[in-house]
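# Analysis of the macromolecular model
This is what each chain is made of:
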Amino acid sequence: MSKFIFLYCSFILLQMLLLFVVASEDDSNSEVKIEVVFMPSECNQKSKKGDLINVHYDGYLAEDGSQFYCSRSDKAGHPQWFVLGVGQVIKGLDVGMVDMCPGEKRKITVPSSLGFGEKGKAPVPPNATLVFEVELYSVSRGPRSMEAFQEIDLDKDKTLTKEEVKHYLKLEYERTGTPKDEPFYEKIMADIFRKSDHDSNGLITSKEYNVYEHDEL
Ligand SMILES: [Ca+2]
Ligand SMILES: [Ca+2]
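In this text the structure is predicted, and so the values were computed from the model without any measurement. (Residues numbered from 1 in each chain as written. Chains lettered and ligands numbered in written order. Predicted model: local features only at pLDDT ≥ 70, side-chain atom pairs only at ≥ 80, totals over all residues.)

## Description of the nonpolar core
As a reminder, the rule being used: Buried Ala, Val, Leu, Ile, Met, Phe, Trp, Tyr and Cys residues whose C-beta atoms connect them within 7 Å together make up a nonpolar core. Residues with at least 20 neighbouring C-beta atoms inside 10 Å of their own are called buried, those with 12 or fewer are called exposed, and the rest are partly exposed, where every C-beta is derived from the backbone. Put simply, DSSP marks the helices as runs of H or I at least four residues long and the strands as runs of E at least two long, and each gets a number from the N terminus on. Two residues qualify as a contact pair if the distance between their C-beta atoms, derived from the backbone, is within 7 Å.
Counting 25 residues, the largest nonpolar core has M97 and V110 as the members making the most contacts within it. Contributions of two or more residues to this core are made by strand 2 (52-61), strand 4 (80-83), helix 2 (91-96), strand 5 (105-110) and strand 6 (130-140). In this structure, M97 is in contact with S47, I53, L84, V134 and L136, ignoring residues within four places of it in sequence. Of all hydrophobic cores here, the second largest spans seven residues; its members include I152, L160, Y168 and I204.

Pasting the structure below:
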């Protein structure tokens, strides 16, 4: 029996250690605290940067435990979809939801510097530490994954030209059995460059590819 407990504790310790490694990967992330509340017995695919994830989360103020956000009551209660690690949510969540299994639940404590900062954002007051209860439903390799970037980048120079993007679009639509005409590809490509080519030099770097401008919940 004690051997079992020892093994169990070692397992928990190992998991905490792994979480710590994840949380301290980048210095600015070190303050995000992750607590695994529920871990499913099976896990085929862990979340990583660039993945499209589907998640429910509730946000609370650490100070008094009051709830300031609930995805279950927002937007008709549908779980939220977003791309992980690219700034579609506050930094603390981008960091705190990495390496999560579908079905896993976490409690993530986010310092204000990785939340809404000195100014806050109503109803979150200035300098507020936030606590999120997060449940991950699904993970899929999104269009913003680095795998996709590498696939598009034919000559592997870490920048995407318009030709490379167009070539990739054609392949994608042919792959799904719905090839389109040239003006169609031109239009999508122009849209992609308008959104991603921030310095308008006609090339999308890996950095531009992964940076979003908004900082919404
Ligand atoms: Ca290239
Ligand atoms: Ca550029």
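## Digging into helix 4 (residues 162-175)
Defined as follows: A helix's residues, less one, multiplied by 1.5 Å, set its expected span.
When the terminal C-alpha atoms of helix 4 are compared, their 20 Å separation across 14 residues agrees well with the 20 Å that a helix rising 1.5 Å per residue should span. Remark: G177 follows helix 4 within two positions and exhibits a positive phi of approximately 75°.

## Some details on the pairing of strand 2
Keep this limit in mind: Any two strands are treated as partners once DSSP identifies two or more bridges connecting them.
Summarising the sheet, strand 2 and strand 4 pair through four bridges and their orientation is antiparallel. Pairing of V55 across the sheet is with Q80, part of strand 4. As paired strands, strand 2 and strand 6 are joined by ten bridges and run antiparallel to one another. The residue bridging H56 from the neighbouring strand is E135, located in strand 6. Of the pairings in the sheet, the one linking strand 2 to strand 3 (residues 67-70) comprises three bridges and is antiparallel in character. Each bridged residue has a counterpart across the sheet, and for D58 the counterpart in strand 3 is C70.

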